[in-house]
Structure formats: structure tokens, C-alpha cells
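These are the residues of each chain, in order.
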Amino acid sequence: METVTITMKNAPALYLEADNVSPDAFAGKTAAQIAELSVHEGNTTSTLGKYFEVIGNAGATAADTKIVVKGDVKKVKYLGFKMTAGELVIEGSTDLYVGAWMKGGKILAKGNIEAFAATAMKGGELIVEGNAGNYLGAAYRGDWRGMSGGKILVKGNAGSDIGMYMTGGEIIVNGNIDVHALTHAEGGRLVVKGNAKSKVGGQMIDGEIIIFGSIDTMMPGFKPVSEAELEVDGAKAKFSHFIGDMGERHKKRKGQIVYGNLYKKI
């Protein structure tokens, strides 16, 4: 695997849209060619090389390409946009849409990421060593297709509306989450090892939520049905099992009504 390192040298005055910073866009290019890729600051189109120093040539394919992003990129959006393979390492914190519409490969963000990361994610892996913002793994605004595959791990906390319209894949948050988790979900799995605020699983049709900590306010549409012992990350624990959202339409599978499942550790 070939490594391309890009280091911020001229910070943008406005926010920088850098959707070409992905193994797919870099693949098969020399450092000079990568520096000529387009980026957008406000309504101005410029080149990646105006803002970043580029060292190293990419691999022949996305799968053969690793990108390391260095420097202050807190005002840079769309890193890893639509990537299908390869690796991307972001050494600091960054802005919106990290890994949006991602289909494969691996992204490691060593700092914090802002909202709409992994929007409509279909595959691959996103690891965040800091905190994640709102709408993680959710649908794009106005759309009803959220995360359908892949895996997200947040080692810190996550914001509100994570997994909105989720249909598949897995989100694990080691810390706490804000309101509206897995709203409208029709599949997928959310594991929260910390605490959750209110409106967990609102209008949920299918999928699974596992909460190790507290839930501030339980949705009234969830019905307690039993207790269950689950094994998560190699650890077994007892949980109260709820199904819901009872007020929503629910499909049938093999003649049985399918509900969302919410597990709260006892």
C-alpha cells in the first residue's frame, strides 16, 4: 500500500469542501497530480495544493492507497467522501461529512468529527477516537435512506439524531449520546456503553438498541416484554427487553410481527 501525506499549509478563511480527499480520487496519481485536484472554498474553486503540501504518490487503485491528513483541518469538510476502499487517517479534528456515502475502506479520525459523518454509509469502517457530532450514520436531510451497512466506533460521545432512518450496519458509542437515536430505524444495531437522553428509538420499525447506562426518559411506545442475557464485545450482562415503537406500522416476517428491540442494562 502506498501512502500519501497531505499537511495543511494555508488554512482557509472559509470552510473548505475537500471531497476529493479520498483513496478513490487519489488512486493512480502522482503527488503533483493530486495537488491539482479541485477543492472549494465558499464559491471559489481552487486546487488541493493551494492549501496542503502533498508528499507521496498514490497506489494504482483505491485499495492500494492510504492517505494521512495532518495539520489543523477543523474547517475542512467531506474527507473520505464516497470512498470505496483504502485507508484514510485524520490526525486531528475535522468538520462535517467525514465518510459520507462511504462504501468501503477504513477511516480513522484521531480527534473529533462534526455532524453528518457517515451519512447514508453502505460499507467500510469509521473509527473516531474523540467525539462525534449530530446525525452520525443518518440519512441526508430530506431523505429516508440512512446507514445500511458498515461499522462505526466512537470512543467518546456522540450527538443527537444518530442512526436516523438506519436500515443496517452497526454503531458503537463508548460514551454518551444525545436525543433521538435511531429515529425511523428499519434495521441495524446501536450499542451505547454510556447514557442516553430521551426519544431513543422513536418511530422505530425494526433494528436493535443496546444501552448500558441510563435513559433519561423512555419512549411511551416501547413495551417491556422480558429480561435477557446478552453478550456484547465479549462481556455478558442482563438487560430489560422492550419492543416498539408500538404506535408505528410493522411488517411481518414468517407470519410474525417485527418490532424494534431495545435492551436496557439492569
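Residues numbered from 1 in each chain as written. Predicted model: local features only at pLDDT ≥ 70, side-chain atom pairs only at ≥ 80, totals over all residues. Heavy atoms only, no water.

A. Spatial organisation of the overall build of the chain. Along its length, the chain carries three helices and 19 strands. A globule of 266 residues ought to have a C-alpha radius of gyration of about 18 Å, and the chain, at 20 Å, matches this closely. Viewed in the frame of its principal axes, the chain has a C-alpha envelope of about 60 × 35 × 35 Å. By the burial criterion, 53% of the 266 residues in the chain qualify as buried. Contacts in the chain between residues at least 24 apart in sequence constitute 39% of all its contacts with a sequence separation of at least 6. Side chains of the chain carry 31 positive and 29 negative charges; the gap between the two charge centres is 4 Å. (Helix = DSSP H or I, 4+ residues; strand = E, 2+ residues; numbered from the N terminus. Rg over C-alpha atoms; globule rule 2.2 N^0.38 Å. Buried < 20%, exposed > 50% of the residue type's maximum accessible area, 1.4 Å probe, protein only. Contact = heavy atoms within 4.5 Å. Lys, Arg positive; Asp, Glu negative; His and termini not counted. Charge placed at Lys NZ, Arg CZ, Asp CG, Glu CD.)

B. Molecular detail of the side chain of T183. Tracing the sequence through the fold places T183 in the loop between β12 (170–173) and β13 (186–192). Judged by its relative accessible area of 11%, T183 is buried. A polar side-chain atom of T183 sits 3.5 Å from the main-chain carbonyl oxygen of H180. Ignoring anything within four residues of it in the chain, the contact list for T183 reads G163, M164, Y165, G202 and Q203. (Polar contact = N/O pair within 3.5 Å; in protein donor to acceptor, adjacent residues only side chain to side chain.)

C. Spatial organisation of the sheet that holds strand β4 (residues 44–47). What the four strands build is an open sheet, ordered β4-β3-β2-β7; its pairing is mixed. In this open sheet, the two edge strands, each paired with only one partner strand, are β4 and β7 (76–77). When strand β3 (residues 38–41) meets β4, the two strands line up antiparallel, connected through four bridges. Paired with H40 across the bridge in β4 is T45. (Pairing = 2+ DSSP bridges.)

D. Structural detail: the pattern of salt bridges. Tallying each qualifying case throughout the model produces nine salt bridges. For the salt bridge of D72 with K74, the shortest nitrogen-to-oxygen distance reads 3.8 Å. R249 serves as the salt-bridge partner of E186, at 3.3 Å between the closest nitrogen and oxygen. Here E186 is found in strand β13, whereas its partner R249 is found in the loop between β16 (235–244) and β17 (252–253), with 63 residues between them in sequence. The exposure class assigned to E186 is partly exposed, which follows from its relative accessible area of 31%. Judged by relative accessible area, which is 57%, R249 ranks as exposed. Counted as one network, the salt bridges with shared partners bring together E170, R189 and E208. (Salt bridge = Lys/Arg side-chain N within 4 Å of Asp/Glu carboxyl O.)

E. Just the side chain of T119, in detail. Assignment of secondary structure puts T119 in the loop between β9 (106–109) and β10 (125–128). The residues touching T119, leaving out its near neighbours within four places in the chain, are Y97, A100, W101, A138, A139 and Y140.

F. Fine view of the nonpolar core. Grouped together as the largest cluster of nonpolar side chains are 62 residues, with contacts concentrated most on V21, F26, F52 and L126. When sequence neighbours within four positions are dropped, the list of residues in contact with V21 reads I6, F26, L48, I67, V69, L79, G80, F81 and L88. Of all hydrophobic cores here, the second largest spans 10 residues; its members include Y78, Y97, A115 and Y135. (Core = buried A, V, L, I, M, F, W, Y, C linked by side-chain atoms within 4.5 Å.)

G. Representation of unusual backbone geometry within the structure. Looking along the chain, the bond that leaves G244 and enters D245 is cis, with omega of -15°. Phi is positive for K82, which is not a glycine, with a value near 55°. A positive phi angle is found at D233, which is not glycine, with a value near 55°. Along the chain, D233 falls in the loop between β15 (223–232) and β16.

H. Highlighting the packing of aromatic side chains. Applying the stated criterion across every chain, the model contains nine aromatic pairs. Judged by centre distance (6.5 Å) and plane angle (40°), the rings of Y97 and Y140 are tilted. Placement of the pair is Y97 in the loop between β8 (87–90) and β9 and Y140 in the loop between β10 and β11 (151–154), with a sequence separation of 43 residues. Centre to centre, the rings of W101 and Y140 are 5.6 Å apart; their planes meet at 50°, and the pair counts as tilted. In this pair, W101 sits in the loop between β8 and β9 while Y140 sits in the loop between β10 and β11, placing the two residues 39 residues apart along the sequence. (Phe/Tyr/Trp six-rings, centres within 6.5 Å; stacked < 30°, edge-to-face > 60°.)

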